[in-house]
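Summary of the model geometry
The chain contents come next:
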Amino acid sequence: MAEYGQNLPELFSDTFRARSDSSASTASQGSKGKLFLRQRLTQLLTCVEDLSSDDEANEEVSRTLDEAFQLCGRLRPTDRLRLHMVTWNVATAEPPRDVSALLQLDVQPPTDLYVIGLQEVNATPLRFLTDLMMEDSWSILLMNTLAPRGYVKVSSVRMQGLLILLFAKVVHLPFLRDIQTTYTRTGLFGYWGNKGGVSVRFSLYGHMVCFLNCHLAAHMNYALQRVDEFEHILDTQDFDLYDTPRVVDHKVVFWFGDLNFRIADHGMHFLRSSINGGRFNLLWNKDQLTMMKRNEPFLQEFDEGPLSFKPTYKFDRNSDTYDTSGKKRKPAWTDRILWRVKPKTPPPEGDDEQASTASDDGQDEYPIRVVQDTYTSDESYGVSDHKPVIGTFSLELTKCFDCPLVRVSPEGVWSADQDAVLSYTILGEFLSSTWDWVGLYKVGFKSPSDYETFVWVKDDELAENNDSIQVFVNKDEIPLLGGEYVLGYYSTNMQSIVGLSANFQILESKRAVMEGLVPENINGLNK
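Residues numbered from 1 in each chain as written. Predicted model: local features only at pLDDT ≥ 70, side-chain atom pairs only at ≥ 80, totals over all residues. Heavy atoms only, no water.

Turning to the overall build of the protein, a few remarks are in order. Broken down by element type, the protein carries 13 helices and 22 strands. Across the 527 residues of the protein, 49% fall into the buried class. Intrachain contacts of the protein at a sequence separation of at least 6 include 69% that bridge at least 24 residues. Carbon together with sulfur atoms contributes 50% to the accessible area of the protein, which is approximately 25,900 Å² in total. (Helix = DSSP H or I, 4+ residues; strand = E, 2+ residues; numbered from the N terminus. Buried < 20%, exposed > 50% of the residue type's maximum accessible area, 1.4 Å probe, protein only. Contact = heavy atoms within 4.5 Å. Areas by Shrake-Rupley, 256 points an atom, 1.4 Å probe, with all protein chains shown as cover.)

In structure tokens form, the structure reads like this:
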């Protein structure tokens, strides 16, 4: 009977290997895996019945079976989301006409999330006041580029010249929740926002993630000050959430921006010859951020891909030539993208391993893994003295949920010739508000505020789970020309769309013909 215990790993090896090698399993694949494993376990149980009570292998086989059954219950499908990040110090320049290459729009598989951090966006007093009333030129270009491809600007925050933008595919919108933004000034002893950090945090299918875009102190001799500024930003930024009040409380943190770390000691001739020869590794040990990580434990928690691209600062504008001005700044990797996965909580002294795993905030049950796919710069853009840096990642995660909080749908036929009806149903627990609203969006909308019209949720009825509530939409608010639209339930407390309808058609109104908005059709001919 001992051979049964010896062959157990072989019996399960195929099943486990299939799971670990799967990069994007679906729910059906997960069910098939469970079924296959249960069949193998049932076969083993037949063998166990033949074991005598004094068989030495009995205890080992039983323990192995218990562990296998527990694993079978924990197996969950894993999904892979593609994240595309950009950091670019734009040096007050207006955006180029085309950012398709920067966003790698035709990459396969397509991107799920875009996070773009800019520094030194034009922030002269008059320009900044104008941008407060309407979107800045960079945000407009990015929205106009991404919206036709099905991406929505979920959130953004700006502090003078620092700007961070989050875009997501429409299909993910109901699963990005608890969105909050904040910022920290570090310029002029914390009184001026030309330097500092802006961040956006949110729950991604139940995983708490935070993106922090920083612009730190400049110049070669201020490496230690840069570290102090970053530590200050981590210590002072807080969020109104009990489980993730600080940046480092999040399961995954991305730290990126113009971090301004330079290449120390090497002379200009050695720098340029190493760069021109593609021998970037000769410069790594004198990169200030790399040097600082050796001495700062909190920096060691952040990972970064290899710097296998040319230093991104400082260039003559509209060229690939490093600084030829009188200052002749040394080239440096000032623009960086790093990430941190929250370390597992160490077990209290005296606790066994099983207890520490169980108290690990669900990280084992719902894991998330960050894999960097590319880390590079795009030298084709020359509007700034910095080149943009691009990082693409695969977020391999087990979803904590995959059901929206609200189901919303149109009722009957919609046109501007008659009042319309929509219904919504609360499917999950969340803190709703009388300030919540349902927006009517044209397919290809740019942001949650880019609605054609909206209606408030009913404040005279408290919606219970699975109760369907109807709301009327005045015909005067419905587009005359019709087209393809979608309804979205916006949660004020979560700062996000928590429910989307399927796309539906609004019919062209008779009023559109009467008002001359479309030609009248008579006997198949336009009049």
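Text resumes after the structure shown.
Attention shifts here to the pairing of strand β18 (residues 483–491). If a strand is regular, its side chains alternate between the two faces of the sheet. Counting buried residues in β18 gives 8 out of 9 residues, a clear majority hidden from the surface. Bridge count between strand β15 (residues 437–442) and β18: 6 bridges; the pairing is antiparallel. By the bridge assignment for β18, Lys442 is matched with Tyr485. Of the strand pairs in this sheet, β18 and strand β20 (residues 504–507) are connected by 3 bridges, and their pairing is antiparallel. Its bridge partner lying in β20, Glu484 is registered against Gln505. Where β18 lies against strand β19 (residues 496–500), 4 bridges are found, and the strand directions are antiparallel. If you follow Tyr489 over to β19, its bridge partner there is Gly499. What sits between β18 and β19 in their antiparallel hairpin is a turn of 4 residues, with Gln495 showing a positive phi close to 55 degrees. (Pairing = 2+ DSSP bridges.)

Our next topic: the sheet that holds strand β3 (residues 151–159). Ordered by their spatial adjacency, 6 strands build an open sheet running β3-β4-β2-β1-β11-β10, and the pairing between neighbours is mixed. Of all the strands in the sheet, the pair left with one neighbour each is β3 and β10 (368–377). This sheet shows a mean twist of 15 degrees between the axes of neighbouring strands, independent of strand direction. With 9 bridges connecting them, strand β1 (residues 79–89) and strand β11 (residues 389–397) associate as antiparallel partners. Each bridged residue has a counterpart across the sheet, and for Val86 the counterpart in β11 is Ile390. Contacting β1, β2 (113–119), β3 and β4 (162–169), helix α6 (residues 137–146) crosses the sheet at an angle of about 10 degrees to β4. (Axes fitted to C-alpha atoms, helices over the stretch in contact; angles between N-to-C directions.)

This part covers empty space enclosed by the protein. Which parts of space are left empty comes out when a probe the size of a water molecule is rolled across the atoms. The full count for this structure, using the stated rule, is 3 cavities of 30 Å³ or more. Approximately 60 Å³ is the volume found for the largest cavity. Around the largest cavity sit Val152, Val154, Leu173, Leu176, Ile179, Pro448, Gln495, Ser496 and Ile497, which together line it. Secondary structure elements with two or more residues in the lining of the largest cavity: β3, β5 (176–187) and β19. Residue composition of the lining of the largest cavity, by class: 7 nonpolar, 2 polar and no charged. Of the volumes computed, that of the second largest cavity is approximately 40 Å³. Every residue along the wall of the second largest cavity is listed here: Trp414, Leu422, Val438, Gly439, Leu440, Thr453, Phe454, Val455, Val473 and Leu487. When residues of the lining of the second largest cavity are traced back to their parent elements, those giving at least two are β15 and β16 (453–456). Its residues placed into classes, the lining of the second largest cavity shows 8 nonpolar, 2 polar and no charged. (1 Å grid on protein atoms, 1.4 Å probe; cavity = no way out; pocket = protein on both sides within 12 Å on 5 of 7 lines; lining within 4 Å. Points joined across faces, edges and corners; volume = space filled by probe spheres on them. Nonpolar A, V, L, I, M, F, W, Y, C, P; charged D, E, K, R; others polar.)

Looking now at the side chain of His172. Take His172: it is sitting in the loop between β4 and β5. Of the residues examined, His172 reaches a relative accessible area of 7% and is grouped as buried.

Position of Gln372 among the secondary structure elements: in strand β10. Of note is the side chain of Gln372, whose polar atom sits 3.3 Å from the backbone nitrogen of Gly305. Discounting residues that sit within four places of it in the chain, Gln372 has contacts with Gly305, Trp339, Thr392 and Phe393. (Polar contact = N/O pair within 3.5 Å; in protein donor to acceptor, adjacent residues only side chain to side chain.)

In this structure the tally under the stated criterion is 15 salt bridges. Lys399 is the partner of Asp79 in a salt bridge, and the nearest nitrogen-oxygen pair spans 3.9 Å. One end of the pair, Asp79, is in strand β1; the other, Lys399, is in the loop between β11 and β12 (406–411), with 320 residues separating them in the sequence. Relative accessible area serves as the criterion here: at 25%, Lys399 is assigned to the partly exposed category. Asp249 is the partner of Arg246 in a salt bridge, and the nearest nitrogen-oxygen pair spans 3.2 Å. Among the residues examined, Asp249 registers a relative accessible area of 16% and is labelled buried. Overlapping salt bridges, with partners in common, bring together Arg80, Arg369 and Glu396 in one network. (Salt bridge = Lys/Arg side-chain N within 4 Å of Asp/Glu carboxyl O.)

Here we come to helix α7 (residues 223–236). For α7, built from 14 residues, the straight-helix expectation of 20 Å at 1.5 Å per residue is met to within 8% by its first-to-last C-alpha distance of 20 Å. Residues Ala223, Arg226, Val227, Glu229, Phe230, Ile233 and Leu234 constitute the buried set of α7. For α7, the angular spread of the buried residues around the axis is 160 degrees, confining them to a single face. (Expected span 1.5 Å × (residues − 1). Arc of directions from axis to C-beta.)

Locating Arg329 in the fold gives a position in the loop between α11 (297–300) and β9 (335–341). Along the backbone, Arg329 and Lys314 are 15 residues apart, and their C-alpha atoms lie at a distance of 6.4 Å. Not counting residues up to four positions away in its chain, the partners in contact with Arg329 are His219, Met268, Tyr313, Lys314 and Asp323.

When pLDDT is averaged along the protein, the result is 84, and 76% of the positions lie at 70 or above. The low-confidence segment residues 1–31 (pLDDT under 50) makes 40 contacts with residues lying over four places distant or belonging to another chain. pLDDT under 50 marks residues 522–527. Its contacts with residues more than four places away, or in other chains, come to 7 contacts. (pLDDT = per-residue confidence, 0-100.)

Another aspect to go through is the packing of aromatic side chains. Enumeration over the complete set of coordinates arrives at 25 aromatic pairs. Ring plane angle 15 degrees and centroid distance 4.8 Å describe the contact between Phe175 and Tyr205, whose orientation is recorded as stacked. Residue Phe175 is found in the loop between β4 and β5, and its partner Tyr205 is found in the loop between β6 (192–204) and β7 (207–215); the two are separated by 30 residues along the sequence. Assigned by exposure class, Phe175 and Tyr205 land together as buried. Measuring from ring centre to ring centre gives 5.6 Å for Phe230 and Phe302, while their planes differ by 65 degrees; the resulting arrangement is edge-to-face. With Phe230 in helix α7 and Phe302 in the loop between α11 and β9, this residue pair connects regions lying 72 residues apart in the sequence. On the basis of relative accessible area, Phe230 is assigned to the buried category, the value being 1%. (Phe/Tyr/Trp six-rings, centres within 6.5 Å; stacked < 30°, edge-to-face > 60°.)

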